[in-house]
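Analysis of the macromolecular model
One-letter residues, chain by chain:
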Amino acid sequence: MPPYDIVTIEGDGIGPEVAQAAVRVLREAVGETTLAFIDAPGGAAHYARSGDVLPDETLRLCRESHAILHGAAGLPEITYPDGTEVGNELHLQLRFKLDLYANVRPIKLLAGVGSPLAARETLDIDYVIIRENTEGLYASRGAGVVLRNEFATDTLVVSRKGVERVARFAFNLSRKRQGAPRDGKRRVTVCDKANILRSYAFFRAVCQEVASDFPDVEIDYAYADAITVHMLKKPDFYDVIVAENMFGDIISDLGAATVGGLGIAPSGEVGDTHGLFQGAHGSAPDIAGQNAASPLATILSGALMLDWLADKHADEALADAAKSIRAAVATTLSEGHAIPRDLGGSASCTEVTDAVCRALG
């Protein structure tokens, strides 16, 4: 029961601005004593100063907390000797060390936000992408091989345990939703390339096995190349999509573009005991410190965090607060009180945050 300890890693670039905005909104929604925010260092800038992207103390706090709220990580100029960005390591270490195996990416068109897809309305696009978060091609990070500066290899790895648990997560999530906008059917779409690679055929086969435990949820299949077309032409068909790590990364960015962009796209990385929540966007160092970033993705990620905590701790007050935050964001956008720059307006990060807090009141 409250207070819930929330470790806040502000990170790099616009991370501190959007994280602080989300904390303001969360406090407004749940009160001053429900969430106890604990600031912790981490990210590319911290690596440049200390040589450590994820300090041991930060990891300890994350292990012991109820949830983690993150701003953003990464600065393009701060890289490892192999050229890969340091900031990405923060997420990867937390994913593996806390076993955050399901990356939850809601794709929902809000009132007041125009979709680049012609004639799409707010009820047309409302699905969730579940990206397997600890295996797949990205599990090769740091373990790939470059031979004689002539060729390079990375290995795609999927396990029965990894696929089964993320598929089960997707089917359970579908049971909690209202079905696809088009027909109201609860449906899990498996995104893969089972026609080409054995690893993806195995991914599909394990998902099929899991589906037998959920006769009330329809199973559907789509190749990764084909689904990029379907997500544009028939987004209302989808309810929950489950995909391998890299494919999930790619299609979730495409989905975000159809509902206004990454600046309004929330994300949660969750496991059986831990959860990390952050906007799906990057650190945008080119606008850092200018009060120009949109805080909406991080604010909506905070609402996703409340949903997750409510489910874990049977705390309906948190679930109600999450609904209030989403309603406040929708009101802010639909009534045009404070439209951020990435959605065609001119409101600053502070002005958007103020408007959402007023809508909560």
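Being a predicted model, the structure only gives us computed values, none of them experimental.

With their axes 10 Å apart at the nearest point, helix α7 (residues 224-233) and helix α8 (residues 245-258) run at an angle of 15° to one another. For the element pair α7 / α8, the angle class is roughly parallel. Two packed elements cross with a definite hand, and for α7 against α8 that hand is right-handed. Across the interface between the two elements, A224, I227, T228, M231 and L232 from α7 touch F247, I251, L254, G255 and T258 from α8. Partitioned by chemical class, the residues of the contact of α7 with α8 number 7 nonpolar, 3 polar and no charged.

Counted according to the given criterion, the structure contains 6 aromatic pairs. Note on Y200 and F247: the rings are 4.7 Å apart at their centroids and 15° apart in plane angle, and the pair reads as stacked. Here Y200, found in helix α6 (residues 198-211), pairs with F247, found in helix α8; they are 47 residues apart in sequence, far enough to count as distant. Each member of the pair, Y200 as well as F247, carries the same accessibility label: buried. By the ring-pair criterion, three or more aromatic residues cluster together here, those being Y127, F237 and Y238.

The subject of this paragraph is the environment of F237. Checked against the element boundaries, F237 lands in the loop between α7 and β10 (240-243). Looking at F237, the relative accessible area reads 13%, which means it is buried. Residues F237 and F37, 200 residues apart in the sequence, show an inter-C-alpha distance of 39 Å. Not counting the four nearest positions on each side in its chain, F237 is found in contact with A180, R182, R187, T189 and D220.

Before going further, it helps to spend a moment on the sheet that holds strand β11 (residues 266-270). Strand order in the open sheet formed by 10 strands is β2-β1-β3-β12-β11-β4-β5-β10-β8-β9, and the pairing between neighbours is mixed. Looking at strand neighbours, the two that pair on one side only are β2 (35-39) and β9 (218-223), the edges of this open sheet. Between one strand and the next, the sheet's axes are offset by a mean angle of 25°, whatever the strand orientation. When strand β8 (residues 187-192) meets β9, the two strands line up parallel, connected through 6 bridges. Directly across from C191, in β9, lies its bridge partner A222. In the packing of α7 onto the sheet, contacts are made with β5 (126-132), β8, β9 and β10, and the angle to β9 comes to roughly 105°.

What counts, and where the lines are drawn
- Residues numbered from 1 in each chain as written.
- Predicted model: local features only at pLDDT ≥ 70, side-chain atom pairs only at ≥ 80, totals over all residues.
- Heavy atoms only, no water.
- Axes fitted to C-alpha atoms, helices over the stretch in contact; angles between N-to-C directions.
- Helix = DSSP H or I, 4+ residues; strand = E, 2+ residues; numbered from the N terminus.
- Parallel < 35°, antiparallel > 145°, perpendicular 65-115°, else oblique.
- Left-handed = near helix turned anticlockwise from the far one by under 90°.
- Contact = heavy atoms within 4.5 Å.
- Nonpolar A, V, L, I, M, F, W, Y, C, P; charged D, E, K, R; others polar.
- Phe/Tyr/Trp six-rings, centres within 6.5 Å; stacked < 30°, edge-to-face > 60°.
- Buried < 20%, exposed > 50% of the residue type's maximum accessible area, 1.4 Å probe, protein only.
- Pairing = 2+ DSSP bridges.

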